[in-house]
Amino acid sequence: SSSSSSSSSSAANGHGEAVETRIVRPEHRICLSVASAAVLLQIATIYVSTGYHKAKDKWWTETGLSVLLFLHMDCFVTKLGLLARTHLPVPFLKYTSLFIYWAVERYSPLVIFSPIFTETLRLVNVPFFMGFHGSLVAFSHLGPFPVVCIIAWTLFLPPSAWDAFEASVRLRPKTSEACNVALLAVAVLCLVRGPL
């Protein structure tokens, strides 16, 4: 027989008696299909193709002036971006540009498909990319693109991450209610104000 994990909960039957129900889940739940692979490859292709096109631009690959130049585009920069442009040293912005190009857009999207240490690498890369796109939200006006990318990266989370989240919500029943209220508030806000 295959190894499995189980969780139990109590519920009342029609006579008011407590009845224990046991849910048995397989220990390893992996979704592997052509469709799931295509979705993940499509997301990774966004970064790889962007990195390929930027390879011809010395502002990204050599001089590292791309972020500095972007922060001087007032039509895209937020107030926090203006503060970064004013107070962050130029060498730091140069290294940031080179890091974004080499680490974010050239190699990290490929690492998540590694056949070894897959779960560990994804647990590291997913928060990394979410933080990267979160910084885009904080420093620039790029519409819904960064938020869509943050949501897309949840597809790369391994089963253990979802199991931990599910266990956390189950231990705190009010958490799921709060999540539903928050999602409803975001949906109403989008309907009233339109896209980000």
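Here the structure is shown first, and the text comes after it.
Quantities reported herein were computed from a predicted structural model and do not represent experimental measurements.

The rules behind each value
Residues numbered from 1 in each chain as written. Predicted model: local features only at pLDDT ≥ 70, side-chain atom pairs only at ≥ 80, totals over all residues. Heavy atoms only, no water. Helix = DSSP H or I, 4+ residues; strand = E, 2+ residues; numbered from the N terminus. Buried < 20%, exposed > 50% of the residue type's maximum accessible area, 1.4 Å probe, protein only. Contact = heavy atoms within 4.5 Å. Areas by Shrake-Rupley, 256 points an atom, 1.4 Å probe, with all protein chains shown as cover. Axes fitted to C-alpha atoms, helices over the stretch in contact; angles between N-to-C directions. Parallel < 35°, antiparallel > 145°, perpendicular 65-115°, else oblique. Left-handed = near helix turned anticlockwise from the far one by under 90°. Nonpolar A, V, L, I, M, F, W, Y, C, P; charged D, E, K, R; others polar. Phe/Tyr/Trp six-rings, centres within 6.5 Å; stacked < 30°, edge-to-face > 60°. Polar contact = N/O pair within 3.5 Å; in protein donor to acceptor, adjacent residues only side chain to side chain. Expected span 1.5 Å × (residues − 1). Arc of directions from axis to C-beta.

Caption draft 1: Local environment of the overall build of the protein. Helices and strands together make up the secondary structure of the protein, namely nine helices and two strands. Helices and strands in the protein line up, N terminus first, as β-β-α-α-α-α-α-α-α-α-α. Every one of the 196 residues in the protein was classed for burial, and the buried ones make up 21%. Restricting to contacts in the protein with at least 6 residues of sequence separation, those with at least 24 account for 57%. Entry remark: accessible area of the protein is about 13,500 Å², with carbon and sulfur atoms responsible for 69%.

Caption draft 2: Region of interest: the packing of helix H5 (residues 90-111) against helix H6 (residues 118-139). Taken N-terminus to C-terminus, the directions of H5 and H6 make an angle of 140°; their axes are 11 Å apart at the nearest point. Here H5 lies oblique to H6, going by the angle between them. Considering how the two elements wind past one another, H5 and H6 form a crossing that is left-handed. Where H5 abuts H6, its residues Phe99, Ile100, Val104, Ser108, Pro109 and Val111 lie against Leu121, Asn125, Phe128, Phe129 and Phe132. For the contact of H5 with H6, the residue count by class is nine nonpolar, two polar and no charged.

Caption draft 3: Seen up close, the packing of aromatic side chains. A complete count under the given rule lists eight aromatic pairs for this structure. Judged by centre distance (6.1 Å) and plane angle (20°), the rings of Phe70 and Phe76 are stacked. With a centroid separation of 6.1 Å and an interplanar angle of 75°, the aromatic rings of Phe113 and Phe156 are classed as edge-to-face. Separated by 43 residues along the polypeptide, Phe113 in the loop between H5 and H6 and Phe156 in the loop between helix H7 (145-152) and helix H8 (159-171) bring together distant segments of the chain. Accessibility expressed as a relative area gives 0% for Phe156, which makes it buried. Each residue in the set Tyr47, Phe99, Phe113, Phe128, Phe129, Trp153 and Phe156 is aromatic and connected to the rest through ring pairs, giving one cluster.

Caption draft 4: Spatial organisation of the side chain of Ser97. Note that Ser97 resides in helix H5. Ser97 gets classed as buried once you look at its relative accessible area, which sits at 0%. One polar contact links the side chain of Ser97 to the main-chain amide nitrogen of Val67, over a distance of 2.9 Å. When neighbours within four sequence positions are excluded, Ser97 is seen to be in contact with Trp60, Gly64, Leu65, Ser66 and Val67.

Caption draft 5: Geometry of H6. For H6, spanning 22 residues, the distance from its first C-alpha to its last is 31 Å, which sits close to the expected 32 Å at 1.5 Å a residue. Among the residues of H6, those classed as buried are Arg122, Asn125, Val126, Phe129, Phe132, His133 and Leu136. In an axial view of H6, the angular spread of the buried residues amounts to 135°, which keeps them on one side of the axis. In this structure, the buried residues of H6 make contact with helix H1 (34-54), H5 and H7.

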